[in-house]
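A closer look at the structure
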Amino acid sequence: MPAPASPRKAMTAELKRVVVPVLRELGYAGTFPHFRRFRGKRVALLSFQFSSWGGKFCVEVGTFPAAGR
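Residues numbered from 1 in each chain as written. Predicted model: local features only at pLDDT ≥ 70, side-chain atom pairs only at ≥ 80, totals over all residues. Heavy atoms only, no water.

1. A few points about unusual backbone geometry
Test applied: Put simply, DSSP H or I for four residues or longer makes a helix, DSSP E for two residues or longer makes a strand, and each gets a number counted from the N terminus.
Here the residue pair Phe 32 and Pro 33 is connected by a cis peptide bond, since its omega of 15° sits within 30 degrees of zero. Inspection of the secondary structure puts Pro 33 in the loop between strand E1 (29-31) and strand E2 (34-39).

Following this line, the structure appears as structure tokens:
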């Protein structure tokens, strides 16, 4: 019988199974945990950041001009 996955591995697997397909439908590109979407003159960023102590994560989001200014 395989050992149970760590909580972080289990959460990562669920995020990839449930959230990543939705991000793809919304036009995001990239690989887990970093995604980006270009919309006109704007770029949207979305990134998952896991706690070093385990048991939690946050989602960082941001947008900026595609020209970088």
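2. Let's talk about the sheet that holds E2
Put simply, the rule is: Whether two strands pair comes down to DSSP finding at least two bridges between them. Axis definition: a line fitted to C-alpha atoms, over the contacting stretch in the case of helices. Angles run 0 to 180 degrees between N-to-C directions. Two residues form a contact once any of their heavy atoms are found within 4.5 Å.
Here we have four strands laid out as an open sheet, ordered E1-E2-E3-E4, and antiparallel in their pairing. Every other strand in the sheet has two partners, leaving E1 and strand E4 (57-65) as the edge strands with one partner each. With direction set aside, neighbouring strand axes in the sheet form an average angle of 15°. In this structure, strand E3 (residues 42-50) lies alongside E4, joined through nine bridges in antiparallel fashion. Opposite Ala 44, over in E4, you have Thr 63 as the bridge partner. Docked against the sheet, helix H1 (residues 7-25) engages E1, E2, E3 and E4, running at close to 165° with respect to E3.

3. Some details on the environment of Lys 56
Positionally, Lys 56 belongs in the loop between E3 and E4. Remark: the alpha-carbon pair of Lys 56 and Arg 8, spanning 48 residues in sequence, is separated by 8.2 Å. Ignoring any residue separated from it by four or fewer positions in sequence, one finds Lys 56 in contact with Phe 50 and Ser 51.

4. Re the pattern of salt bridges
Formally: Counted as salt bridges are all cases of a side-chain nitrogen of Lys or Arg within 4 Å of a carboxyl oxygen of Asp or Glu. The buried label applies to any residue whose accessible area, calculated with a 1.4 Å probe on protein chains only, is under 20% of its type's maximum; exposed applies above 50%, and partly exposed to all values in between.
Under the counting rule described, the total for this entry stands at one salt bridge. The closest approach of N and O atoms between Arg 17 and Glu 14, which form a salt bridge, is 2.9 Å. With Arg 17 and Glu 14 both in helix H1 and three residues apart, the pair spans about one turn of that helix. Since its relative accessible area comes to 55%, Arg 17 is described here as exposed. Note on Glu 14: relative accessible area 37%, which makes it partly exposed.

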